[in-house]
Structure formats: C-alpha cells, structure tokens
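One letter stands for each residue in the lines below.
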Amino acid sequence: MAFDRTKPPGEATLAQTPEAAYGLEFGKTYVAPEDERPAVSLNPDQGRVLAAWADRLIPAGDGWPGAAEVGAVTYADNVASRSPLLRAMLLRAVDLVEREALGRHGEGFAGCTDEQRAALLGELEGDEDDGPLFDLILELIFEGYYRAAPVLEMVEKRTGFRVMAPVEGVEIEPFDESLLGRVKQLPRRWREVAA
Amino acid sequence: MNATEPDVLVIGAGAAGAALTWRLASKGASVVCLEEGDWVDRDTIPKGHVDWEVRGRHYWNPAPSIRDREVDYAVTNGGENPVDPFMYSAVGGSTIGFGAQYWRLQPSDFRARTLDDFGVDWPIAYEDLAPYYDINERETGVSGLAGDPTGPQRPAPPLPPNAMGSVGRRWAAGFEKLGWYWWPQDSAIISRDYRGRAACTNRSQCAFGCPQKALSTADVTYWPVALELGAELRVRARVRRVILDTAGRAVGVEYYDADGRLQEQRAKRVVICAGGIGTPRLLLMSASATHPDGLANSSGQVGRNFMVHCQTLVAGRFEEPTESYAGTVGSMSSRQFYETDPDNDFVRGFIVAGNRGYSPLLTALQFRLWGGEHHEKLEHHLNHDATVYVCGDDEPEEHNRVELDHGRLDDFGLPGVTTSYTMSENSRRMTEAAIGRATELCMAAGADSVRDFGVAPGFGWHLLGTARMGADAGASVVDADHRAHDVPGLYIADGSSMPTGGAVNPAHTIQALALRAADRIWEGRNDG
C-alpha cells in the first residue's frame, strides 16, 4: 500500500491495489534531462495516442505550449520504462483509450474531436478500476511539462515565479524588527511550571 | 582504551546521533557510530538542478517505501488515519529533508498530565533541557530573536532572523490585525555566514535540499566537527540486533557492513538514536529468549504511543504576488493558542505558522485540473498562494504503534515496519480549531480565498514517543537519563524518547535531549 496522493487534499487514504500504489515506483524511475532517449516503450502509433492525450491534459494556448510539443510524451515513456509496473500501465492506458475511441467513434484516439477525447479521458479518470492509469499518465505528463525549458520560461513570464531562484538564490526583504512594537509591549503569555 | 571497544557505540547518524556523538567526542570519549545510510552525494541535491521538483518526487522522495534504495526498509501504514512517515537513512538522518523550524518546548509541555490530564508528565523539566537548547542553537547556527513573550527568556540566538520577504510582512500584518502574539520563526538556517558555511540566499523549498549548506542538516553541522574530534562513523552499516552479555548487559551490536558481511561491534555502552520508527524496530528485532517481546520492553511500551502531531496546512490565495520562489520555510509564527484554554472543547494547544507558497509542478498537481482551464488555474494560484502550517499536541495512545512487518523484508532479510495511527477525539477537535485560526489569519492577511488539507492529511514529518522516557519503569522504556529500564548499558535518545510531543517541530528538542543524554552517559561512565 502507499498513499494515494492523486486525490484532492483532504483525509489521507491508502491505495488498495498495486496499480493504485504506482507511486511506490517513483523512487527508482528518475530520468535526467540529458539521459532522455527517443521513445523506449511506445511504438509510433502509441506515441501519437499519448501525444493527443498529453495535449488534452495540457493544451497549447494563450502563449503556453502544449504538453506534447515540449517533450512530455518522451519523458513519460522514459520514466515508465524504468519500472515494469509503470511500463505495463502506460501501455495498457494507451491501448485502452485507443480501443475505446475506435469502438465508440470509429476513429483512433488521436483522430477524435477534442470533446470526444475529453469525454473518454473523463470516464477513465472516474473509473474505479482503471482510474490509476489516468492518474499515472497525468502525473508523468505534468512532470515532463513542468521541467521543460519553454514551460519554465512561460511560468516566469505569466506568474512572476522566478524559476531559477531555488537554484541560484534571490534577495528578499530582511526582517524588520520594528513590526514587533506592539507584541513587545504585551504581557508574558506562557504557563510557569514548578520544576 | 581498547581500540576495538569504544566508550560508546551510537546507532544512527541523524539529528540525535550526530549531536550525541559530537558531545561525547568533545569530552574525550571514544565513539563509533553506525549508520545504515550513506553520506548524501551533494551533486544529487535537487535544488542544485533546474528540475528540482521532479527529482524531489523521485529519488529524493522523503517516503522510504518510495525511494526504496538498498539502505531503506519498507514502512507500511494503517489505522483509521494512516500517516506517511517522512524519513531518510543517511548521514544527517531526517534532517536531510527538514524545514529546520527550531522551536523550544514550553515548560507546560513537560507537565501535561499534571496540568491538563493529558498524556504523561516527562521525568525532566524545561529547566533541565534549557542549557542544551542553548548549546544546540550555537552548534547548529539558529537564526532568530530573543524576547518572545510567549516563552521563557533565553539567550539571543547566534544569528539574526532570516529574511522575511513580502509574505513575511503580509503574515505580520495579519497577526497585527488580529491582535495575536507572534514572533519571527527560529530556524536552523543560517542568516549570516557561520562557521565556514555560507548564509542562506533564500532559495526556498528547503526540503529539496540546500546545496550551499545554509540549511543546518546534521551532516554539515555536528558531523564534520565530531569526525575532527576523533569519532568514527561507519556508513551503510545495517544493525540487525543488540548483543547482551550473560548478565543481560548491552555490550554491542551485530550489523551488516557495506559489503554485506556480518560484523560485530562491542562497546562499553550502546546508544540507539534511530528515530521514532527505527528505534522501536531495532528493539523489537533484538528479541531473544530472555526478552521475547523485544529488548527493553518489559513495560510493553516499545513501539506504542506513536505520535505525529496534529499537523495540517491551510493555503490562502492573494491578489498580490507572494514570492513563493523565495525564503526559508517559515517566516512569522504564533503561540497565541499554545496553552490549554478552558473555553475550548479540547485540551492543550497548537502553533500557527505563516509559511511560504508552492512551486509550479506542485501547484499543478494539487489542483489536477486538466484541459482548457489548466493554465488559467495555475496562473491564478502560482506565486499567489501562501500557506499556514498548524501543529498541535497529539495525544500519546497505546494503540498507535510501530510493529515489525515480516511480510516485507529489506535487502538483508530484516523485517520492515508497519505503523498504525488513529487520531484521538482531542486531536481532531484541536486540528479543526487550528484550521479555523489559520483561516482567520489568511483572511486577516488579505486572502481572497482559502483552502485546507483536512484534519488528517497524514503528514508523517514528526515521529515521536515510541520508546518514551519516564520515571515509572512499568509505563516507559527509558529513565530520565535515557537509560533503558530493563537493560544495563543500553540508552535511547531521539524522538522516540519524548513522552509527549508538545506542539512544535521537534528537531531542536530531539537534539537537546541527545546532548543532555551524552552528558549523562559521560558523567556515569564509571558506574556499572
């Protein structure tokens, strides 16, 4: 079991299946940017499905790049390929949405409309058994997206979050002791106890 | 001195083991410390890299079951409110990923049973520990300010408070609007250059490591000096049991060395400093015919009374940017609600600490919003959120415990651990109240919306109470001097020693206890 941190904040819950506990695999699956390789586990067709999936999770717009164009699919493929469980889940997820798309719309997932893709993914997200497949893909795509240089550039431009500050440091306002003027005048507030 | 039999053998090189080893070595004791982890490869510290957020979720993950390195053992969690223990097997122990909030306990924390019919009293008082808080503040380099009216007077910390940034000023304004007591947060993060370490440059997100060593992790504070003083530290040394002589005295341990070979190390005294989970694990693994329920466990208290504090977070969203890329974890904190208030529906109390905001990936994952609204949501919250941390006094209860897990073995066939935790009604009510106060603070500070992480988010940052000290050998594991009631020659000094947890981050207290234990061990070196 492991913590299911893929749900919104609230009471802690435990994952009840190996797939729901996929997060346990993360410790061994880091891939450095310089070690990324072209698709390891996904064939070209599967790569196109995941690219469409990634762009549905994080689409381009308003100056932001889409997830696929910044390499999030390659990242997800590389990370998943370092764990038998994650690799199996990745491939099953891709094949599942492709099969569902063909069955319902007569088109592969990548050929579906935005609305059709969103509906398929929304269903998968809420599925009691296969929901962890969606969760895994979301986490990997988000990770790949938010470490890509063009995205970090946009993060800084659009939010003011200085992405290099945690790496290089930054100056901020020093402590101002004059703010404590009132508190310093307050009476003592703690219980004295006989030793 | 017998070269193969040091005065003291220490198990665990974390917050407690480092401080205790240094103190003993500085007095001239010969000390050997066995640590199951290794030195942190500083090139791997996430914040040395642009993708620090991703690294922190993978190999730097604070959960041992996720890291799953050969030096980690599995920890599986249950109970009605399972916690997710955050711990590191490494030189420096769990300080490697800590926030370095260095609070002292209050005098009332040592007498919670007498004052509030809560938990148990400690066998020592605040005054016993105060001199060791002073030492620890000097040795680790605490930044802060003397004069807080919500605690006993104390010497000025060696360094001035850390930079506050705009969010610190915001929290101060919130506290002032509410008329609460507040004070700049004491941190073991050096605000000026100190003893060869460079001052903090406000890189934020301290749990992702500090490449420049401004974060006072035990591997950069106590260990370098302890080694210079002659202490010996053996890493990747996996202890499997404590050895007793025929008289029942602890005389050493068996351990697997870095090459996986069984070794034996003897010493005049053995001190376990393996933390709130590692310590009961080793005691339980050391069960024998004469100690069938585990070593030092005639009271049945080993592994019980597992406390994790009543911890959660409340996040406010502000229209103005919050500089969430900068600053130490804490900024301004309040002990307004620390002591028992008869108007409450719970006893004991909590702190309210104004912290910083979140990072890009974490923000995205928190909301998990995908599709067309993804960017809008991120832009709304990233660099506009700031969090309030609340930490309350958790009740020690026997049913909350740490046990061996023979179903999940480590690389040497040693058992993993299960934890079981169910929050008491008092803790639940206290946390609900704390969330309410934190929400008040956010609104007073100008938040336009507030969200919280629930009453029991499972934060396992503070692991306490599982081999507690006490005067009653029938209800505790060690005495006031950290000597095991049952086993001569065996000492325990770490978070497991704490009978109650107070309502503050415990690292400072854990190290103060370890320093005091070192003095007691040294003073009693000629005793039996």
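Residues numbered from 1 in each chain as written. Chains lettered and ligands numbered in written order. Predicted model: local features only at pLDDT ≥ 70, side-chain atom pairs only at ≥ 80, totals over all residues. Heavy atoms only, no water.

Q: Help me understand the overall build of chain A, please; the structure alone is not making it clear to me.
A: When helices and strands are counted, chain A shows eight helices and zero strands. Against the globule reference of 16 Å for 195 residues, chain A gives a C-alpha radius of gyration of 23 Å, more extended than a compact globule. Of all 195 residues assigned to chain A, the portion counted as buried reaches 50%. Intrachain contacts of chain A at a sequence separation of at least 6 include 66% that bridge at least 24 residues. Surface summary for chain A: the accessible area is close to 9100 Å², and the carbon and sulfur share equals 50%. Side-chain charges of chain A comprise 21 positive and 35 negative groups, with the mean position of each set lying 6 Å from the other. (Helix = DSSP H or I, 4+ residues; strand = E, 2+ residues; numbered from the N terminus. Rg over C-alpha atoms; globule rule 2.2 N^0.38 Å. Buried < 20%, exposed > 50% of the residue type's maximum accessible area, 1.4 Å probe, protein only. Contact = heavy atoms within 4.5 Å. Areas by Shrake-Rupley, 256 points an atom, 1.4 Å probe, with all protein chains shown as cover. Lys, Arg positive; Asp, Glu negative; His and termini not counted. Charge placed at Lys NZ, Arg CZ, Asp CG, Glu CD.)

Q: What should I look at first to understand the overall build of chain B in this one?
A: Looking only at helices and strands, one finds 12 helices and 19 strands in chain B. In summary, chain B has a C-alpha radius of gyration of 22 Å against a globular reference of 24 Å for 528 residues, a match within 12%. Each of the three principal axes of chain B carries a C-alpha extent, and together these read 70 × 50 × 45 Å. For chain B, the proportion of its 528 residues judged to be buried stands at 68%. A sequence separation of at least 24 residues applies to 73% of the contacts in chain B between residues at least 6 apart. Entry remark: accessible area of chain B is about 16200 Å², with carbon and sulfur atoms responsible for 47%. For chain B, the separation between the mean place of its 50 positive charges and that of its 69 negative charges on side chains is 4 Å.

Q: Please explain the sheet that holds strand β15 (residues 401-409) of chain B as it appears in this structure.
A: Where strands meet in a sheet, backbone hydrogen bonds hold them as pairs that are either parallel or antiparallel. Residue and element names in this part refer to chain B. Strand order across the open sheet formed by three strands is β3-β16-β15, with mixed pairing between neighbours. The outermost strands of the open sheet, each flanked by one partner alone, are β3 (75-78) and β15. Within this sheet the neighbouring strands show an average axis-to-axis angle of 30°, counted without direction. By the bridge criterion, six bridges tie β15 to strand β16 (residues 415-420) in an arrangement that is antiparallel. Among the inter-strand pairings, E403 is bridged to a residue of β16, identified as T418. Across the sheet, helix α8 (residues 275-285) lies against β3, β15 and β16, angled at about 70° from β15, the strand it touches most. (Pairing = 2+ DSSP bridges. Axes fitted to C-alpha atoms, helices over the stretch in contact; angles between N-to-C directions.)

Q: I'm lost on the confidence of the model for chain A in this one. Help?
A: When pLDDT drops low, the exact placement of atoms in the prediction is not to be read closely. Looking at chain A, the pLDDT average stands at 92 and 91% of residues meet or exceed 70. Low confidence marks residues 1-9 of chain A, where pLDDT is under 50. Its contacts with residues over four positions away, or in another chain, come to 30 contacts. (pLDDT = per-residue confidence, 0-100.)

Q: Explain the packing of aromatic side chains here, please?
A: In this description, an aromatic ring pair is defined by two values, namely the gap between the centres and the angle between the planes. Residues and elements named next belong to chain B. If you walk through the whole model with that rule in mind, you get 26 aromatic pairs over all chains. Taking 6.0 Å as the distance between ring centres and 45° as the angle between the ring planes, the aromatic pair formed by Y389 and W461 counts as tilted. Linking Y389 in strand β14 (residues 385-392) with W461 in the loop between β18 (459-460) and β19 (490-492), this pair joins segments that are 72 residues apart in sequence. On the basis of relative accessible area, Y389 is assigned to the buried category, the value being 5%. Geometrically, the ring pair formed by F453 and F459 is tilted, given 6.5 Å between the ring centres and 45° between the ring planes. Comparing F453 with F459 shows no difference in burial state: the two are buried. (Phe/Tyr/Trp six-rings, centres within 6.5 Å; stacked < 30°, edge-to-face > 60°.)

Q: How do you make sense of unusual backbone geometry when you look at a structure like this?
A: Of all residues except glycine, most have a negative phi; of all peptide bonds, most are trans. All names here are of chain B. One non-glycine residue with positive phi stands out, namely N202, at about 65°. Tracing the backbone through its elements, the reader meets N202 in the loop between β5 (183-184) and α7 (222-228). N202 sits in the buried class, given a relative accessible area of 8%.

Q: I'm lost on the environment of Y102(B) in this one. Help?
A: All names here are of chain B. Position of Y102 among the secondary structure elements: in the loop between β4 (84-85) and α4 (112-116). Residue classification places Y102 among the buried residues on the basis of a relative accessible area of 1%. Aside from chain neighbours lying at most four places away, what touches Y102 is N136, T140, V142, Q185, D186, S187, A188, A507, H508 and Q511. Side chain to side chain, Y102 and Q511 meet in a polar contact 2.6 Å long. (Polar contact = N/O pair within 3.5 Å; in protein donor to acceptor, adjacent residues only side chain to side chain.)

Q: Hey, could you run me through the packing of helix α5 (residues 126-140) of chain B against helix α12 (residues 507-523) of chain B in this one?
A: The angle between the axes and the distance between the axes are what describe a pair of packed helices. All names here are of chain B. In contact at an axis separation of 8 Å, α5 and α12 are set at 110° when each is read in the N-to-C sense. With respect to α12, the axis of α5 lies roughly perpendicular. Note that α5 runs across α12; the crossing there is right-handed. Touching D128, L129, Y132, Y133, I135, N136, E137 and T140 of α5 are H508, T509, Q511, A512, L513, L515, R516, D519 and R520, all from α12. Of the residues that constitute the contact of α5 with α12, the class distribution is seven nonpolar, five polar and five charged. (Parallel < 35°, antiparallel > 145°, perpendicular 65-115°, else oblique. Left-handed = near helix turned anticlockwise from the far one by under 90°. Nonpolar A, V, L, I, M, F, W, Y, C, P; charged D, E, K, R; others polar.)

Q: Sorry if this is basic, but what is going on with the pairing of strand β13 (residues 350-355) of chain B here?
A: Remark: a regular strand shows side chains that alternate across the two faces of the sheet. Residue and element names in this part refer to chain B. With respect to burial, β13 is a largely interior element, six of its six residues being buried. Taking every second residue as pointing to the same face, both faces of β13 are buried, with F350, V352 and G354 on one and I351, A353 and N355 on the other. Inspection of the sheet shows strand β12 (residues 330-334) paired to β13 by four bridges, in the antiparallel sense. Bridge assignment links M332 to a residue of β13, and that residue is G354. Across five bridges, the pairing between β13 and β14 is antiparallel. Its bridge partner lying in β14, A353 is registered against Y389.

Q: In this structure, what is going on with the pattern of salt bridges? I would like to understand it.
A: Under the criterion given, the structure shown has 60 salt bridges over all chains. The salt bridge partner of K28(A) is D68(B), with a shortest N-O separation of 3.1 Å. Of the two residues, K28(A) is situated in the segment before α1 (44-57) and D68(B) in the loop between α3 (64-67) and β3; the pairing between them involves two chains. Residue K28(A) is classed as partly exposed on the basis of its relative accessible area, which comes to 43%. The residue R169(B) makes a salt bridge to E173(A) at a minimum N-O spacing of 2.5 Å. Taken together, the positions of R169(B) in helix α6 (residues 165-178) and E173(A) in the loop between α7 (165-168) and α8 (181-184) put the pair across two chains. Three or more residues are tied together by salt bridges with common partners; here these are R191(A), D109(B), D116(B), E339(B), R348(B) and D393(B). (Salt bridge = Lys/Arg side-chain N within 4 Å of Asp/Glu carboxyl O.)

Q: How do you make sense of the pairing of β14(B) when you look at a structure like this?
A: All names here are of chain B. Within β14, eight of the eight residues are buried, leaving the element largely enclosed by the surrounding structure. Of the two faces of β14, the one carrying D385, T387, Y389 and C391 and the one carrying A386, V388, V390 and G392 are both buried. Bridge count between strand β11 (residues 310-317) and β14: eight bridges; the pairing is antiparallel. The residue of β14 that forms the bridge with A315 is T387.

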